[in-house]
Amino acid sequence: METSWKRPKTLPSTTEHIDTQCGTLHFTIVKEDDKLVEVRGMIGKSGTCGNVFLDTICKMVSMYLQSPEPRYKICKKFRKQFVDMNCGQGKFVWEGEEYTGCIDYVIKRVVKELGE
Ligand SMILES: [Zn+2]
């Protein structure tokens, strides 16, 4: 991706509704030419601390995805730093996979989508 990537006005997206121990996680994956370029997340009531934190994390992940950093390096860093993060509300299973928390889902989903 070029350094000067500019977000088009419209991009295709898919929103997943995941039942987590923290409530329903609404996770949106945005792609350009089948490549992940943006994620958005909502959990709990809008305006609550957890909701704002997740929104902020997703925006920061998106900035990283839109940077010139090679995707395999992003995956490597995410795996090393964030996988199995535990938000303290307990594990949950979604589509046969176990997650240690809502943030763990977000990180694993991004890594899976990057496919590295
Ligand atoms: Zn959580």
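In short, a report on the structure. Along each chain, the written sequence defines residue order, and numbers are assigned to residues from 1. Selection of residues for local features in this predicted model requires a pLDDT of at least 70, selection of side-chain atom pairs for listing and counting requires 80 or more, and totals for whole chains, interfaces and linings are taken over all residues.

A few words now on unusual backbone geometry. The phi torsion at D34 lies on the positive side, around 65 degrees, for a residue other than glycine. Note that D34 resides in the loop between β2 (23-32) and β3 (35-43). Judged by C-beta crowding, with 6 C-beta atoms within 10 Å, D34 ranks as exposed. We count a stretch as a helix when DSSP gives it H or I for four or more residues in a row; a strand needs E for two or more, and each element gets its number in order from the N terminus. Three exposure classes are used. Buried residues have 20 or more other C-beta atoms within 10 Å of their own C-beta, exposed residues have 12 or fewer, and partly exposed residues fall in between, all C-beta atoms being placed from the backbone.

Strand order in the open sheet formed by three strands is β1-β2-β3, with antiparallel pairing between adjacent strands. Where the open sheet ends on each side, the last strands, each with one partner, are β1 (13-20) and β3. Neighbouring strand axes in the sheet, compared pairwise and without regard to direction, differ in orientation by 20 degrees on average. When DSSP finds at least two bridges between two strands, those strands are taken to pair. One ladder, built from eight bridges, connects β1 with β2; its direction is antiparallel. What sits directly across from I18, in β2, is L25. Axes here mean lines fitted to C-alpha atoms, for a helix over just the part in contact, with angles spanning 0 to 180 degrees between N-to-C directions.

Take the nonpolar core next. The nonpolar side chains of a soluble globular protein tend to be buried, and buried together. By size, the foremost hydrophobic cluster in this structure holds 17 residues, and its most contacted members are L25, F27, I43, C102, Y105, V106 and V110. Mapped by element, the contributors of at least two residues to this core are β2, β3, α1 (49-65) and α3 (102-114). Counting residues per element, this core draws most heavily on α3, at six residues. Here, residues touch in the contact sense if the C-beta positions derived from the backbone fall within 7 Å of one another. The contact partners of C102, leaving out residues within four places of it in the chain, are T20, C22, L25, I43 and C87. Take the buried Ala, Val, Leu, Ile, Met, Phe, Trp, Tyr and Cys residues, join any whose C-beta atoms are within 7 Å, and the set you get is a nonpolar core.

Turning our attention to α1. The end-to-end C-alpha distance of α1 is 24 Å, a good match for the 24 Å that 17 residues give at a rise of 1.5 Å each. Buried within α1 we find L54, V61 and L65. End-on, the buried residues of α1 take up no more than an arc of 45 degrees, which puts them together on one face. Among the exposed residues of α1, those oriented more than 90 degrees off its buried face are C49, V52, T56, M60 and M63. On its buried face, α1 sits against β3 and α3. Here a helix's expected span is defined as the number of its residues, less one, multiplied by 1.5 Å. In this description, one arc is meant: the one made by directions from the helix axis to the C-beta atoms.

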